[in-house]
There are 2 protein chains.
Amino acid sequence: MSKANVLLIGTGGVGTVVACGLVHNGSSTVSVVVRRDYEKVKNDGWTINSVDYGNLTNWKPDNIYPTVEAAAKGQEFDYVVITTKNLPDVVKSEDVAEPAITPGKTTIILIQNGFDLGRPFIAKYPNNICLSGVSHIGSHNHNGVINQISQDKCMISYFENPNIENSVQEAKAKEFVQIYSNDKNNVTYFPDVKYCRYEKLLYNATMNTTCALTGVDTVRLKLSGVLESVSIPAMYEVIKVAKADGVDLSTDFIDFIVKSCDSGFFKPSMLVDVEKGNPIELEVILGNLLTVAKELKVETPTLTVLYNLLKATQFRMKEGKGLIKVPEDRPINDAEYN
Amino acid sequence: MSKANVLLIGTGGVGTVVACGLVHNGSSTVSVVVRRDYEKVKNDGWTINSVDYGNLTNWKPDNIYPTVEAAAKGQEFDYVVITTKNLPDVVKSEDVAEPAITPGKTTIILIQNGFDLGRPFIAKYPNNICLSGVSHIGSHNHNGVINQISQDKCMISYFENPNIENSVQEAKAKEFVQIYSNDKNNVTYFPDVKYCRYEKLLYNATMNTTCALTGVDTVRLKLSGVLESVSIPAMYEVIKVAKADGVDLSTDFIDFIVKSCDSGFFKPSMLVDVEKGNPIELEVILGNLLTVAKELKVETPTLTVLYNLLKATQFRMKEGKGLIKVPEDRPINDAEYN
């Protein structure tokens, strides 16, 4: 069998380790897109301190490209793996990947936070398979050095595309597991994509959001009583939406999360983003969930207030990045901002 | 008539101008308690740039004391005016003022933000009259210089004490207006204390809180849609509680607040406090309102989430001031923090 041709977009802490996993497996040609640090990585590769793959210096995959366009020149990809942050209100992943996606051929794999991520891809690429990777990994890119502190654990499923036989989508998901899994990581096929996503959302939609708004870590969220008064009610709302969507989440997960707050001072990713002034993954973590809740007519009063409040936080993040300009002179025409 | 003996506690932007007003009127002996800058103020007085009283240098009232205890030594007060921030979860105003309050004699005047402030005073001093001053003034203490940019407008009422005839309380409120009002300020007796307080709360409970949580000013609150999606629903909840409490607030106030967001970039006091790392007036602005809502069985879902979230913000503020210590070692016994 000839090697699969894979392009990976998004070489942060997670993406770089996924690329390592693909290379370590050896069944694919692995190309990556590196936008910000292209020259540096092209010349020197990465320094990676990995619990899975050891301490690597000058590590490079097969090919490194500065843009998706450059990567797509003269070749087609069997797989495009997207491991960027998912910020549809800033830039749409389905547009970013477009040059590398051959309609009816390329399989897309979204190893990203959030919920119901396949929807815009299936709308845009109705004849392509879109896989889901739910990653549980501790890995960070700190000034170009990758520190992976917990094993790459990833559950692969498919976002159900009604235009393609499920058996075909399932086979493709398992095929991707074959080229990504290896003796170091823990990559498995998991049949129920919604279950995976709801389970992770139980934390992300409730802990990320409350910590991001209040500026406290999970220990202080619990000590201040807000875990109990806001986050846990929000968790029950996630469970209610999941149930209406055909997914039974055990309330044991809530006990697990509560206990996890005792184990150490942890800042969820959305709080880290706010502290760094980065746009937050509000739409994929909470916006998409509320869209589904609305479709299923499930009431989510707590999650809705959290979402609505975080719109202002996101506004502040975007303004800080120059993505929004607020005129100095008042009054202004507000209509264009809403 | 002999001069009334007045003690004022809290010489920030508001309190200092109130003291000026009392002195300008001339009917009282005005003593103030200055804790932090006692030596400086004792020697040099204040520099006050006031739209009401002009530019004053080395301004001093009749007496300046370093503590309430020192002020109370050898004298009794007819009035104790409290113009400190009201932070019952940090320090209780009714305890701070205690040395200066003669049971059955001293009239207490609370010129402070918040709602239902009289309750703990009437509980502690059942035979004293407790007046309410709702102040609309722009005045700030910046490094010991007072800048008063809008007229001192204050509405005086009484917090109804069931142990004292209303006519006596009303007469006392009017008497205080007589010694505080002058040709420069705008101090009036306003019979309906609840109306005043609910009206101010319509802004403070909904704009202060959402801006404090999201870190944006009122212009950005509107541009991001959060004024519409969170603050205004919260305003309708305040109106609902007020109605159940016998106070009819016009929804015209909401239009007025929305319009005020267009006029300039304004940071409500609670956001300013968060940015400075100061404890916020959460309990008197929102906690007391929710207590009354509960007593009246009015549902306040939005206000409740805002209040609950801000408990974590307040935790962070208090920890920053050394008022809470979180042990570095985990796990710890959380029970004592809740």
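Note that the structure is predicted; figures quoted are calculated from it, not measured.

(A) Expanded view of the overall build of chain A. The secondary structure content of chain A amounts to 13 helices and twelve strands. Its C-alpha atoms give chain A a radius of gyration of 20 Å, within 12% of the compact-globule value 20 Å for 338 residues. The dimensions of chain A, computed from C-alpha atoms along their principal axes, are 55 × 50 × 40 Å. For chain A, the proportion of its 338 residues judged to be buried stands at 56%. Partitioning the contacts of chain A with sequence separation of at least 6, the portion at a separation of at least 24 is 72%. The distance from the centre of the 34 positive side-chain charges to the centre of the 40 negative ones in chain A is 3 Å.

(B) Molecular detail of the domain arrangement of chain A. Residue and element names in this part refer to chain A. Domains assigned within chain A are domain 1 (4–191) and domain 2 (194–320). Counting residues at the interface gives 23 residues for domain 1 and 24 residues for domain 2. Taken over both partners, the interface formed by domain 1 and domain 2 buries close to 2,000 Å², and the fraction arising from carbon and sulfur atoms is 56%. If you sort the residues of domain 1 by the area they bury against domain 2, Asp 89, Asn 113 and Phe 115 come out on top, with a joint share of 38%.

(C) Examining the pairing of strand S6 (residues 79–82) of chain B more closely. Residues and elements named next belong to chain B. Of the two faces of S6, the one holding Tyr 79 and Val 81 and the one holding Val 80 and Ile 82 are both buried throughout. When strand S1 (residues 4–9) meets S6, the two strands line up parallel, connected through four bridges. If you follow Ile 9 over to S6, its bridge partner there is Ile 82.

(D) Summary view of the pairing of strand S7 (residues 107–110) of chain A. All names here are of chain A. Across the two faces of S7 the burial is the same, with Thr 107 and Ile 109 and Ile 108 and Leu 110 all buried. Examined bridge by bridge, strand S6 (residues 79–82) and S7 share four bridges and lie parallel to one another. Directly across from Val 81, in S7, lies its bridge partner Ile 109. Relative to strand S8 (residues 130–136), S7 runs parallel, the two sharing three bridges. Across the sheet, the residue bridging to Leu 110 is Ser 132, located in S8. Viewed along the sheet, the connection from S7 through helix H5 (residues 118–124) into S8 turns out right-handed.

Conventions used here
- Residues numbered from 1 in each chain as written.
- Chains lettered and ligands numbered in written order.
- Predicted model: local features only at pLDDT ≥ 70, side-chain atom pairs only at ≥ 80, totals over all residues.
- Heavy atoms only, no water.
- Helix = DSSP H or I, 4+ residues; strand = E, 2+ residues; numbered from the N terminus.
- Rg over C-alpha atoms; globule rule 2.2 N^0.38 Å.
- Buried < 20%, exposed > 50% of the residue type's maximum accessible area, 1.4 Å probe, protein only.
- Contact = heavy atoms within 4.5 Å.
- Lys, Arg positive; Asp, Glu negative; His and termini not counted.
- Charge placed at Lys NZ, Arg CZ, Asp CG, Glu CD.
- Domains from an automatic or database assignment.
- Buried area = accessible area lost by both parts, 1.4 Å probe.
- Pairing = 2+ DSSP bridges.
- Right-handed = clockwise from strand over helix to strand, strands pointing away.

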